[in-house]
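Descriptive analysis of the structure
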Amino acid sequence: CNQTLAYFLVQQHTTRYAGARPSSWRADDIVTAEVAYVNGAEEYREIRINGRPATEPQKTGSWSTGEFATTLQDVLSPFTGAAFTRKGDQVHANRTLAVYELVVPQSRSHWNIIAANGDEFQPAYKGTIWIDKETSHVIRIEKHSASMPDDFAFKNATWIVEYDAVRVDSS
């Protein structure tokens, strides 16, 4: 874990989808928020759903936190013990990216999925991470649940985050 990550304020846009399988997913809504990284933790502010203020966003369907830094730090942490397999290079937006598949067993998973009824489960998962070979910045990370209990509200979960640099000043 990088204990010296600087303070950041970012604008997060999340499109939430639902469906029986990825080919039938439909967009439900768009959640926006300011995410501040302060003293080693993420703070969510100005949360809006479809442009309207959300007073209790975690009660509005699937909800996630940790996209900016927490989850990335967890996947790369030795405590999680993800197994990485190099899958080669990929060119995206004129950048060469190193591509790795990852697998995390349930016994080391910190991906906490909470259903609307309050049931929680931490699934094993697999995924992929893309790293810019020149800058070593993570560009994209995906996680897919490996298995869920038959009596759990969700049959599978997918989490995808894309990172990009943005200009902070106006000069």
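For the structure itself, consult the block above.
Focus: unusual backbone geometry
Of note in this structure, Glu-46 is not a glycine but carries a positive phi near 50°. Structurally, the position occupied by Glu-46 is in strand β3 (residues 41-49). Given the relative accessible area of 54%, Glu-46 is considered exposed. Here Ser-136, not a glycine, exhibits a phi torsion of approximately 65°, which is positive.

Details of the pairing of strand β10 (residues 138-145)
Across seven bridges, strand β9 (residues 125-132) lies against β10 in antiparallel orientation. Each residue of the ladder has a partner; that of Tyr-125, found in β10, is Ser-145. Following β9, the chain reverses through five residues before pairing antiparallel with β10; Ser-136 in that reversal takes a positive phi of roughly 65°. In terms of strand pairing, β10 meets strand β11 (residues 158-162) through five bridges, oriented antiparallel. Bridge pairing in β11 links Glu-142 to Ile-160.

Definitions and limits used
- Residues numbered from 1 in each chain as written.
- Predicted model: local features only at pLDDT ≥ 70, side-chain atom pairs only at ≥ 80, totals over all residues.
- Heavy atoms only, no water.
- Helix = DSSP H or I, 4+ residues; strand = E, 2+ residues; numbered from the N terminus.
- Buried < 20%, exposed > 50% of the residue type's maximum accessible area, 1.4 Å probe, protein only.
- Pairing = 2+ DSSP bridges.

Limitation: the analysis is restricted to geometry and does not speak to function.
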